[in-house]
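Understanding the architecture of this molecule
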Amino acid sequence: MMVPEPLSVMQVSVLGAGTMGHGIAQVAAMAGHEVTMRDIEAAYVDDGLDAIESNLRGGVDRDKVTPDEMAATLDRLSGTTSLEAAVTDADLVVEAVPEDMELKRETVAEVESLVDDDAVIASNTSSLSVTEILSALERPGRGLGLHFFNPVHIMGLVEVVVAEQTSESTLAFATEFVEGIDKTAVEVGDSPGFASSRLGVALGVEAMRMVQEGVASPADIDTAMELGYNHPMGPLELGDAVGLDVRLDILEYLREELGERFRPPQILKRKVRAGKLGKKTGEGFYVWEDGEIVGASEDVMDR
Ligand code: NAD
């Protein structure tokens, strides 16, 4: 974990303290920004703050972060359940609420009613139309997509998604923010799945079909991509890490927008219906314990 020098200190508000929200809050605070993280229940806010502390402690243990940097980062972070407290005075609001168009539109519209005229509003959507989210705003030029990757404190990429309405100044501001938190920005148009999700999900969905057809086990498919193509993680492990429910939502959307090649396979639907969502519930294509794979999922129909 690098601790970059920020170009200027901003007031950053992150909405959602889940997988992505807490990661975004962490990297913004590490870069020196003042950060408020908001979720709808105090327990979720606490979980997010605990996750950040545990990530930072891991960084200290590996000599990537000094104890002073850890303390300073935690000092710059606060959590709340109040949207108003979270966004008032924010220069940048990043929403990382669940992948649901109506929820995101309501969220950004409510944010706009509370922030200053020059505040930038970003969505961390993985695949929804940023243009459609921003059309809920009165001044949509202030909005764009900032698509972070999981785990945020490790992954170096942010897709800067330019919507139909995004103004030049919003794009410049957001690009400077991304570079200031030591990430690499790639600029992409607002097309379904952007650049990365579209390609990554295409690989993941084919891997699931291969398991379904009995071509190979999840572990062998993942090993093939890791060793044969130098991917750091195979597509099925990645699906488990991201969350199979998140994968299913994205696929359903891409199918609607781009066609049948993104049709979710039965095996994925079945796992989601059974609550086997991957790492976060302890089972998906693999069985997980304490964040590590400990075995194969024993689904009757996978064998
Ligand atoms: P998550 O379920 O882990 O977290 C979402 C959090 O938002 C939950 O804690 C929930 O309580 C909270 N929430 C719900 N309504 C809220 C509101 N009105 N205000 C504030 N918080 C609210 O989900 P996630 O994986 O962090 O995904 C969040 C967003 O990031 C989604 O749009 C997703 O597509 C996107 N994304 C996810 C990944 C990933 O790998 N998980 C990667 C990139 C982008």
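Because the structure is predicted, anything quoted here is derived from the model rather than measured.

Cut-offs applied
Residues numbered from 1 in each chain as written. Predicted model: local features only at pLDDT ≥ 70, side-chain atom pairs only at ≥ 80, totals over all residues. Heavy atoms only, no water. Patch = residues over 30% accessible without salt bridge, like charges linked within 9 Å, V, L, I, M, F, W, Y side chains within 5 Å. Areas by Shrake-Rupley, 256 points an atom, 1.4 Å probe, with all protein chains shown as cover. Salt bridge = Lys/Arg side-chain N within 4 Å of Asp/Glu carboxyl O. Lys, Arg positive; Asp, Glu negative; His and termini not counted. Charge placed at Lys NZ, Arg CZ, Asp CG, Glu CD. Helix = DSSP H or I, 4+ residues; strand = E, 2+ residues; numbered from the N terminus. Buried < 20%, exposed > 50% of the residue type's maximum accessible area, 1.4 Å probe, protein only. Domains from an automatic or database assignment. Contact = heavy atoms within 4.5 Å. Buried area = accessible area lost by both parts, 1.4 Å probe. Polar contact = N/O pair within 3.5 Å; in protein donor to acceptor, adjacent residues only side chain to side chain. Nonpolar A, V, L, I, M, F, W, Y, C, P; charged D, E, K, R; others polar. Near = heavy atom within 4 Å.

Describing a negative patch on the surface
- A surface patch of negative charge is lined by Asp100, Glu106, Glu110, Glu132, Asp249, Glu252, Glu256 and Glu257.
- In terms of residue count, the dominant contributor to the negative patch is helix H11 (residues 244-258) (four residues).
- As for its position among the elements, glutamate 257 is in helix H11.
- With relative accessibility at 41%, the residue glutamate 257 sits in the partly exposed group.

Focus: the domain arrangement of the protein chain
- As far as domains go, the protein chain holds domain 1 (11-189) and domain 2 (196-294).
- Measuring from the centre of the C-alpha atoms in domain 1 to the corresponding centre in domain 2 gives 26 Å.
- Each partner contributes residues to the interface: domain 1 has eight residues there, and domain 2 has six residues.
- In terms of surface lost to domain 2, no three residues of domain 1 exceed Ser126, Ser127 and Asn150, which account for 50% of the buried area on that side.
- Here domain 1 and domain 2 share zero salt bridges between them.
- Counting across the domain 1 and domain 2 interface gives three residue pairs in polar contact (both at pLDDT 80 or more).
- The residue inventory of the side of domain 1 that touches domain 2, partitioned by class, reads two nonpolar, five polar and one charged.

Comments concerning the site of the ligand
- If you check the shell around the ligand, you find 21 residues, and the closest are Met20, Asp39, Glu99, Lys104 and Ser126.
- Note that a nitrogen atom of the ligand is positioned 3.5 Å from one of the backbone N or O atoms of glycine 16.
- Arginine 38 is positioned with one of its side-chain polar atoms (N or O) 3.0 Å from a nitrogen atom of the ligand.
- Protein coverage of the free-state accessible area of the ligand, which is 820 Å², stands at 85%.
- The set of elements that each furnish at least two residues to the shell around the ligand consists of helix H1 (19-30), helix H5 (101-112) and strand S6 (143-148).
- When its residues are assigned to classes, the shell around the ligand shows nine nonpolar, eight polar and four charged.

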